[in-house]
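Residue-level structure breakdown
Listed below are the residues making up each chain.
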Amino acid sequence: MNYIAVFCMLCAMLGCSGAPPPSVGSCAELFSDVPFTDLEGREARLPCQGHRVLVVSFWASWCGPCKLEVPHLIEIDAEYHRQGVRVIGISLDAAIPTTVKSAVAAFGITYPVLVGGAEKIFNRTGIDGIPATLIIDAGGKVCQRLVGYHTKEEMLAPVRELLKKTRENAQL
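Residues numbered from 1 in each chain as written. Predicted model: local features only at pLDDT ≥ 70, side-chain atom pairs only at ≥ 80, totals over all residues. Heavy atoms only, no water.

**A look at unusual backbone geometry**
As a reminder of what qualifies: Helix and strand definitions here come from DSSP, where helices need a minimum of 4 consecutive H or I residues and strands a minimum of 2 consecutive E residues; each element is numbered from the N-terminal end.
With an omega of 0°, the peptide bond between Ile130 and Pro131 qualifies as cis. With respect to the element layout, Pro131 can be found in the loop between helix 5 (118–125) and strand 6 (132–137).

**Here we look at helix 6 (residues 152–171)**
Selection rule: Here the expected length of a helix is defined as 1.5 Å per residue gap, with one fewer gap than residues. Contacts are assigned to residue pairs that have any heavy atoms within 4.5 Å of one another.
With 20 residues, helix 6 extends 28 Å between its outermost C-alpha atoms, agreeing within 8% with the 28 Å of an ideal straight helix rising 1.5 Å per residue. As for helix 6, its buried residues are in contact with strand 3 (53–59), helix 3 (64–80), strand 4 (85–91), strand 6 and strand 7 (142–147).

**A look at the state of the cysteines**
Worth spelling out the cut-off: Sulfur atoms of two cysteines make up a disulfide when they are within 2.5 Å. Per-residue accessibility, obtained with a 1.4 Å probe over protein chains only, is compared with the maximum for each type, and a residue is labelled buried under 20%, exposed over 50%, and partly exposed between these values.
Scanning the entire structure with this criterion turns up 1 disulfide. Here Cys63 engages in a disulfide with Cys66; their sulfurs sit 2.4 Å apart. On the S-S bond that ties Cys63 to Cys66, the torsion sits near 75°, and the link is right-handed. On the basis of relative accessibility, which here comes to 1%, the residue Cys63 falls in the buried class. Take Cys66: its relative accessible area is 2%, and that puts it in the buried class.

**As for the pattern of salt bridges**
Under the convention used in this document: For salt bridges, the criterion is a side-chain nitrogen of Lys or Arg within 4 Å of an Asp or Glu carboxyl oxygen.
If you walk through the whole model with that rule in mind, you get 8 salt bridges. One salt bridge connects Glu153 with Arg160, and the closest N-O pair in it is separated by 2.8 Å. Accessibility expressed as a relative area gives 46% for Glu153, which makes it partly exposed. Beyond isolated ion pairs, a larger network of salt bridges with shared partners links Asp33, Lys120 and Arg124.

**Topic: helix 3**
Rules: To get the bend at a given residue, fit one axis to the seven residues ending there, fit another to the seven starting there, and take the angle between those axes.
Helix length check: helix 3, at 17 residues, gives a terminal C-alpha distance of 25 Å against a target of 24 Å (1.5 Å per residue), a fit within 8%. Val70 marks where helix 3 bends most, by close to 25°; the proline Pro71 follows one to four residues later. Cys66, Glu69, Val70, His72, Leu73, Ile74, Ile76, Asp77 and Tyr80 are the residues of helix 3 that are buried.

**Remarks on the environment of Leu54**
Along the chain, Leu54 turns up in strand 3. By relative accessible area, which is 0% here, Leu54 ends up buried. When the C-alpha atoms of Leu54 and Val85 are compared, they prove to be 5.9 Å apart, with 31 residues separating the residues in sequence. Discounting chain neighbours no more than four positions away, the residues touching Leu54 are Cys27, Leu46, Pro47, Arg86, Ile88, Leu134, Ile135 and Ile136.

**Focus on the side chain of Ser91**
Using the following cut-off: Under this definition, polar contacts are N or O atom pairs within 3.5 Å; protein pairs additionally need one hydrogen-donor-capable and one acceptor-capable atom, and for neighbouring residues in sequence, both atoms have to be side-chain atoms.
Residue position: Ser91 is located in strand 4. Here Ser91 falls in the buried class, since its relative accessible area comes to 1%. Here the side chain of Ser91 touches Asp93 through a polar contact of 3.1 Å, side chain to side chain. The residues contacting Ser91, other than those within four sequence positions of it, are Trp59, Val100, Val113, Leu114, Val115 and Gly116.

**Considerations on the nonpolar core**
Here is the rule: Grouping buried Ala, Val, Leu, Ile, Met, Phe, Trp, Tyr and Cys residues that are joined through side-chain atoms within 4.5 Å yields what is termed a nonpolar core.
Ranked by size, the top nonpolar core spans 51 residues in total, and within it Phe31, Leu46, Phe58 and Leu134 carry the most contacts. If sequence neighbours within four positions are ignored, Phe31 has contacts with Phe36, Leu46, Phe58, Ile121, Arg124, Leu134 and Ile136.

**Let's talk about the pairing of strand 3**
We count it as follows: For two strands to pair, DSSP has to find at least two bridges joining them. With the strands aimed away from the viewer, a crossover counts as right-handed if its path from the first strand over the helix to the second runs clockwise.
Most of strand 3 sits inside the fold, with 7 of its 7 residues counted as buried. Alternating positions in strand 3 separate into two faces, Val53, Val55, Ser57 and Trp59 on one and Leu54, Val56 and Phe58 on the other, with burial throughout. Both strand 3 and strand 4 contribute to a ladder of 7 bridges, which runs parallel. Following the sheet pairing, Phe58 is matched in strand 4 by Ile90. Tracing the backbone out of strand 3, into helix 3 and back to the parallel element strand 4 gives a crossover that is right-handed. Pairing of strand 3 with strand 6 involves 6 bridges; the strand directions are antiparallel. Residue Val56 lies in a different strand from strand 6, and its bridge partner there is Leu134.

Shown next as structure tokens:
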């Protein structure tokens, strides 16, 4: 586990990322057995359904590029929540949720943040650095994997595309 933490830190600092795997899988396949905890210490599950688009951000308080992305994610959550977009943060700081609470408050994070499951998720998705973001459609399919720092517009491009497809399908 220590090797993974060191590797993630190096990748985050250097901004490296590997080629995406051919198929990452579905939200349910990736997260159904992953033990998450909310910031109150209660067991939690990632909501793979009940949204049009789910944006899952993997971050840590010590990660410089993560700190730069947080305001983008806060804005995306605020601007697109009414359209069915949900943002969820998964902190890689510690397995103890109470230690993450102060970072969430300091960064002004308004979207839900969960803790835990990093090793399983990284193994299943091929994510090799942070920040990392998964964009998941209403059916639970992982449609986009972003590793390293991305601007708000870069994160919004796949979100807008999925919202457009959802609207088009609703009109059929």
